[in-house]
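# Observations on chain architecture
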Amino acid sequence: MSCVHKYKQYETAWCPGCGNFPILDALQETLESLAIPQHQVVIVGGIGQAAKTPQYINANSFESLHGRALPPATAIKMANQNLKVIVNTGDGDSYGEGGNHFIHNIRRNIDITHFVHDNQIYGLTKGQSSPTSDLGHVTDFTPKGVINQPLNPLVTAISLGAGFVARCFTGEKEHLVEIMKHAIEYKGYALVDILQPCVSFNKINTFGWYKKRVYRLDKETAKYDPTNKMSALEKAYEWGDKIPLGILYYEEKKSYLDHFEFLKDHALIETSHQKEMIKTFMKEFQ
Ligand SMILES: Cc1ncc(C[n+]2csc(CCOP(=O)(O)OP(=O)(O)O)c2C)c(N)n1
Ligand code: SF4
């Protein structure tokens, strides 16, 4: 059975026009075109508007605490490597409260796909600045404008050694689907930072603001080579009048689970020892 939208059947808590809708549509389209059955998919979120994504798609899901989507995602993948583990959560969740996990997940290189719905603010809590808010961004929380240096997620990921680092925009849905497919198929940690307007609380980085600035690396930069780390870093630093979209950096490398010889032929959950432990554990709930 494929991962069918639930939001077409039930009401959502997102504002009309929110950038979360095209991301959800793109995710569903991606899973369908990759023909991944719903029982093999786990969508993990933290807390926030983006983190509601698992509620609107028919697949296994885990809703974690704010900033804590990556630890359970790691545990799920460790326990059952046959599952496709996809994290859908916000920029505040991923880079602020979850910043520590972001850093160490990259170092670990576990096979997880991380889709960050980056609206450059905290949406759920009504528009405070987030780690990706630009300098000078005025919010109720920062009435004189943001003074903290923004975190550049792509530069951070590339410099820490992530092997798949990409940026997309919700206004380019076909491109988003294409990149999502590559990210899910990548063996290792894959980051896709998705620029997403928040129509209610971010009146600066609007759909039009992004539309005017974004450009596709594959279309506009002749012979862009995503395996060249220095070019990737140069592109990752580009932000302002021009914002590049696409796979900025790509490198094939050993993923975390590849280091464990005993997991070569079967998942941890399939080992007889684990089966006995699970049986004992489940008895406690009977
Ligand atoms: C540890 C902790 N800190 C703060 C909060 C309050 N909180 C809930 S959601 C949120 C911001 C969400 O922003 P983001 O992750 O960018 O997602 P968005 O809502 O914009 O999609 C905050 C600060 C919380 N629930 N837990
Ligand atoms: S507040 Fe912003 S991020 Fe949240 S649902 Fe509304 S438009 Fe989307």
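Further up the page is the structure itself.
What counts, and where the lines are drawn
Residues numbered from 1 in each chain as written. Chains lettered and ligands numbered in written order. Predicted model: local features only at pLDDT ≥ 70, side-chain atom pairs only at ≥ 80, totals over all residues. Heavy atoms only, no water. Near = heavy atom within 4 Å. Nonpolar A, V, L, I, M, F, W, Y, C, P; charged D, E, K, R; others polar. Axes fitted to C-alpha atoms, helices over the stretch in contact; angles between N-to-C directions. Helix = DSSP H or I, 4+ residues; strand = E, 2+ residues; numbered from the N terminus. Left-handed = near helix turned anticlockwise from the far one by under 90°. Contact = heavy atoms within 4.5 Å. Polar contact = N/O pair within 3.5 Å; in protein donor to acceptor, adjacent residues only side chain to side chain. Areas by Shrake-Rupley, 256 points an atom, 1.4 Å probe, with all protein chains shown as cover. 1 Å grid on protein atoms, 1.4 Å probe; cavity = no way out; pocket = protein on both sides within 12 Å on 5 of 7 lines; lining within 4 Å. Sits in = over half its atoms within 2 Å of the grid points. Pairing = 2+ DSSP bridges.

Our focus in this paragraph is the site of ligand 2. Around ligand 2, the neighbouring residues are Trp14, Cys15, Cys18, Asn20, Gln49, Asn119, Gln196, Cys198, Val199, Ser200 and Phe201. The residue makeup of the shell around ligand 2, split by class, is six nonpolar, five polar and no charged.

Now for the packing of helix H4 (residues 99–108) against helix H5 (residues 153–160). With their axes 9 Å apart at the nearest point, H4 and H5 run at an angle of 35 degrees to one another. Crossing of H4 against H5: the hand is right-handed. On the side of H4, the interface is formed by Phe102, Ile103 and Ile106, while H5 contributes Pro153, Thr156, Ala157 and Leu160. For the contact of H4 with H5, the residue count by class is six nonpolar, one polar and no charged.

Around ligand 1, the structure places 16 residues, and the nearest of them are Gln49, Ala50, Gly92, Asp93 and Gly123. Gly123 places a polar main-chain atom, nitrogen or oxygen, 2.7 Å from an oxygen atom of ligand 1. Separating an oxygen atom of ligand 1 from a backbone N or O atom of Leu124 is a distance of 2.9 Å. Here ligand 1, which alone exposes 590 Å², has 73% of that area covered by the protein. Assessed atom by atom at 2 Å from the grid points, ligand 1 resides in the largest pocket. Here the residues of the shell around ligand 1 are counted per class, giving five nonpolar, eight polar and three charged.

Another aspect to go through is the sheet that holds strand E8 (residues 190–195). Spatial ordering of the open sheet is given by E2-E1-E3-E4-E8-E7-E10-E9, a layout of eight strands whose pairing is mixed. Two strands bound the open sheet, and with one partner strand each, they are strand E2 (60–63) and strand E9 (214–216). Strand-to-strand, the axes of this sheet are offset by a mean angle of 25 degrees, without reference to chain direction. Pairing of strand E3 (residues 84–90) with strand E4 (residues 113–118) involves five bridges; the strand directions are parallel. Note that in E4 the partner of Thr89 across the bridge is Val116.

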